[in-house]
Amino acid sequence: MIYFNTLENLGMCGHASIGTAITLAHLGRIGPGVHRLETPVGVVTVELHSDHEASVINVESYGLHKDVTIEVAGIGSVMGDIAWGGNWFFNTRDLPCALEFANVARLNDAALRIRAALEAQGWTGADGAWIDHIVLLGPSDTADSRNFVLCPGGSYDRSPCGTGTSALLACMAADGQLAAGDEWVQQSIIGSSYRLHYVAGKEKGINPTFRGRAWVAAETDLLFPPNAPYATGIRAPLAGQGRNLNSGV
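Residues numbered from 1 in each chain as written. Predicted model: local features only at pLDDT ≥ 70, side-chain atom pairs only at ≥ 80, totals over all residues. Heavy atoms only, no water.

K.L.:
Now, about the overall build of the chain: what can you tell me, with residues and values included?
P.N.:
Along the chain, the regular secondary structure elements total 3 helices and 13 strands. Each of the three principal axes of the chain carries a C-alpha extent, and together these read 70 × 50 × 40 Å. In the chain, of all internal contacts separated by at least 6 residues, the share reaching a separation of at least 24 is 58%. Surface exposure of the chain reaches about 13500 Å², of which carbon and sulfur atoms provide 52%. Where the 16 positive side-chain charges of the chain centre and where its 24 negative ones centre are 6 Å apart. (Helix = DSSP H or I, 4+ residues; strand = E, 2+ residues; numbered from the N terminus. Contact = heavy atoms within 4.5 Å. Areas by Shrake-Rupley, 256 points an atom, 1.4 Å probe, with all protein chains shown as cover. Lys, Arg positive; Asp, Glu negative; His and termini not counted. Charge placed at Lys NZ, Arg CZ, Asp CG, Glu CD.)

Now the structure itself:
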């Protein structure tokens, strides 16, 4: 599996993994049961429960830095945890406003400012990795928590973010706030939700499982005519190519 957005490739993506299982089932490639997907950060296990529902056992997730405090332009002091769940996250409960869909623009701006402050103040993931996801956490009337997740390209996540909630559960497990096997329901800014639990990891973290739903929305045929000049992509021209020699351009 290769996951990508408008900016970069991702290490892992929870909702894309669920969507892949549902798509493969739609195509008749897999049936209900346990399957394995190779991702850039390791193999994840996907259990297909039905045509629209699947669970993902994520890669081992862990907290790296706890109670990091940064100064954010236009906001002030913000404290949170830096953690890994297949991508790098900064999880904070210091909110600029209520976690309501009507506040998406303001939440997005705050998350971008937090990410810029982390970078400017030298905070990174392991081995200097860029912390490309920001998670704003708050209460929910219908779940254990509600979140707003900033993705690397600057857009927000419509899912509760499987990798981000994996990182959150790793921090909660380390702090003794959630026991192995206990269920956690994470809700997104648009109201979608995942049900999660975890088991102890083999090394320094946990292996979370998150369960969600997906639907096939379209079927697309990609056409590659043999005489189309960019059918296989765009590449830089070799020396001497790409010039009109007759015109001298």
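K.L.:
Describe helix α3 (residues 162–174), naming the residues involved and giving the relevant values.
P.N.:
Here α3 spans 18 Å end to end across 13 residues, near enough to the 18 Å set by a 1.5 Å rise per residue. Judged by how many residues are buried, α3 sits mostly within the fold: 11 of 13 residues are covered. Where α3 ends, the next residue or the one after it, Gly-176, has phi of about 75°, a positive value. (Expected span 1.5 Å × (residues − 1). Buried < 20%, exposed > 50% of the residue type's maximum accessible area, 1.4 Å probe, protein only.)

K.L.:
So what's going on with the packing of aromatic side chains? Which residues, and what values?
P.N.:
Per the stated rule, a full pass over the model turns up 4 aromatic pairs. Grouped by ring-pair contacts, the aromatic residues Tyr-62, Trp-84 and Trp-88 constitute a single cluster. Seen from the ring of Tyr-62, Lys-204 lies directly overhead, with NZ or CZ sitting 4.2 Å from the centre. (Phe/Tyr/Trp six-rings, centres within 6.5 Å; stacked < 30°, edge-to-face > 60°. Lys NZ or Arg CZ within 6 Å of the ring centre and 35° of its normal.)

K.L.:
Could you give an account of the pattern of salt bridges, naming the residues involved and the relevant values?
P.N.:
Scanning the model with the defined rule gives 5 salt bridges in all. Between Lys-66 and Asp-67 there is a salt bridge, with its nearest N and O atoms 3.9 Å apart. What makes Asp-67 partly exposed here is its relative accessible area of 41%. The residue Arg-195 makes a salt bridge to Glu-183 at a minimum N-O spacing of 3.3 Å. Here Arg-195, found in strand β12 (residues 193–200), pairs with Glu-183, found in the loop between α3 and β11 (184–187); they are 12 residues apart in sequence, far enough to count as distant. In this structure Glu-183 comes out as partly exposed when scored by relative accessible area, which is 48%. When salt bridges with common partners are traced through the structure, they connect Lys-66, Asp-67 and Asp-175 into a single cluster. (Salt bridge = Lys/Arg side-chain N within 4 Å of Asp/Glu carboxyl O.)

K.L.:
Tell me about the side chain of His-133, residues and numbers included.
P.N.:
Topologically, His-133 is positioned in strand β9 (residues 133–138). A polar atom in the side chain of His-133 sits 2.7 Å from the side chain of Asp-132. In contact with His-133, other than residues within four places in its own chain, are Leu-10, Asn-87, Trp-88, Phe-89, Phe-90, Val-149, Leu-150, Cys-151 and Pro-152. (Polar contact = N/O pair within 3.5 Å; in protein donor to acceptor, adjacent residues only side chain to side chain.)

K.L.:
Account for helix α1 (residues 14–26), with residues named and values stated.
P.N.:
Each full turn of the α-helix corresponds to 3.6 residues, which orients residues three or four apart in the same direction. Relative to the 18 Å expected for 13 residues at 1.5 Å per residue, α1 spans 19 Å between its end C-alpha atoms, a close match to the ideal helical length. Of all the residues in α1, the buried ones are Gly-14, Ser-17, Ile-18, Thr-20, Ala-21, Ile-22 and Ala-25. Gly-28 sits one or two residues past α1 and shows a positive phi near 80°.

K.L.:
I'd like a rundown of the sheet that holds strand β4 (residues 42–50), residues and numbers included.
P.N.:
Strands sit in the order β3-β4-β5-β13-β12-β11-β10-β9-β8-β7-β6 across an open sheet of 11 strands; the sheet is mixed. Each end of this open sheet is capped by a strand with a single partner; those strands are β3 (33–39) and β6 (62–72). Going from strand to strand, the sheet's axes swing by 30° on average, the running direction of each strand aside. Bridge count for β9 against strand β10 (residues 145–150) is 5 bridges, and the pairing is antiparallel. Its bridge partner lying in β10, Val-135 is registered against Val-149. Lying on the sheet, α1 is in contact with β3, β4, β5 (53–57), β12 and β13 (206–213); it crosses β5 at an angle near 130°. In the packing of helix α2 (residues 104–120) onto the sheet, contacts are made with β6, β7 (76–84), β8 (88–92), β9 and β10, and the angle to β10 comes to roughly 65°. (Pairing = 2+ DSSP bridges. Axes fitted to C-alpha atoms, helices over the stretch in contact; angles between N-to-C directions.)

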